[in-house]
Amino acid sequence: MRHLRSCNWIYMVITLPLMCLDGVLAAVLARRYPLLQVLILGVLAFAIVKAIGKFSHMPYRKEAYADLERIDLDIPLDWDVEAYASAKMAEYDFMTRIAEVVSPMRMGGKPAAVAVNPKVLESEGKTYMRIAATREVLRYARRISVKLYALIALPIMLFISVVLLFFSFHQVLTSYFSMAALNLLLPFALMLLFLLSLFFWNSRVSRSDTALDIALLDYFPKQEVVSYVKKTEALMEKGDKEKTKVFNEHFLSSRVEKIEAYRRNKD
């Protein structure tokens, strides 16, 4: 049996240095206003503490899993994991929490905990929840959430850094670059790169979902995987607007088609 290793520290490595950089650059920008600088640095310190608290236990704090009850799901993986029902995951109907790998900073050599929503387990059945838990373990083992977080967080924080750098050292930059490059080309290039990063992130989310769907076929029959995908989309789209539902239906059809195509090619 292999043990899952915590990847919480990766979130901190991605977030904290750039958060500090943005805070320092904001303080530099406000150098003519000492009180504002103190306020900015205070907010930065508060944000650092909150970020450390957030990433010390993922995806939620320990209190969100305080009522874990051991259940038998028989997750078909060689990762050392145990399944637990968490009533707190079912507290709010507007938050569709199905299955989550509970990730403290240090997992040690103990089995990792996979928390599941007991209401969903009761309504959708054990087979559905086995697939959901298996998918979450695979997602965690492949560090897909971390990679997607990096792809969205890094461009945003870097974008803020460049904007703050631009305004903080505008006079210095004008001695090296023309005004046209600074005031026209740079903003256009930054916005273009930012939009491209969002497009790439959205594409990566789609590819990651497809990869996990296909990985499930190594453990479950095709029809069970397709049924899981359809039920999950139905659960997640509760309360969505009509336009969003149309997009979700298109995305669902695409996922199902890829699963069918993969199985046909493999057979």
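Each value, and the rule that gives it
- Residues numbered from 1 in each chain as written.
- Predicted model: local features only at pLDDT ≥ 70, side-chain atom pairs only at ≥ 80, totals over all residues.
- Heavy atoms only, no water.
- 1 Å grid on protein atoms, 1.4 Å probe; cavity = no way out; pocket = protein on both sides within 12 Å on 5 of 7 lines; lining within 4 Å.
- Points joined across faces, edges and corners; volume = space filled by probe spheres on them.
- Helix = DSSP H or I, 4+ residues; strand = E, 2+ residues; numbered from the N terminus.
- Nonpolar A, V, L, I, M, F, W, Y, C, P; charged D, E, K, R; others polar.
- Salt bridge = Lys/Arg side-chain N within 4 Å of Asp/Glu carboxyl O.
- Buried < 20%, exposed > 50% of the residue type's maximum accessible area, 1.4 Å probe, protein only.

Novice: How should I be thinking about the layout of surface pockets in this particular structure?
Specialist: Empty space among the atoms becomes apparent when a probe as large as a water molecule is rolled across them. By volume, the largest pocket amounts to about 1400 Å³. Forming the walls of the largest pocket are 44 residues, and the residues nearest its centre are Arg135, Glu136, Arg139, Asp209 and Met236. Looking at the lining of the largest pocket, the elements that each hand over two or more residues are β4 (99-104), α4 (126-141), α5 (144-168), α7 (179-216), α8 (222-236) and α9 (242-266). The element best represented in the lining of the largest pocket is α9, accounting for seven residues. In terms of residue class, the lining of the largest pocket is built from 21 nonpolar, 11 polar and 12 charged.

Novice: So what exactly am I meant to see when it comes to the pattern of salt bridges here?
Specialist: Opposite charge on two side chains permits them to pair, given that their charged atoms come into close proximity. Applying the stated criterion across every chain yields a total of nine salt bridges. One salt bridge connects Glu124 with Lys231, and the closest N-O pair in it is separated by 4.0 Å. Within this pair, whereas Glu124 is found in helix α3 (residues 118-124), its partner Lys231 is found in helix α8, the two being separated by 107 residues in sequence. A salt bridge links Arg255 to Asp213; the shortest N-O distance between them is 2.8 Å. Remark: Asp213 occurs in helix α7 and Arg255 occurs in helix α9; sequence separation between them is 42 residues. Residue Arg255 shares its accessibility class with Asp213, and that shared class is buried.

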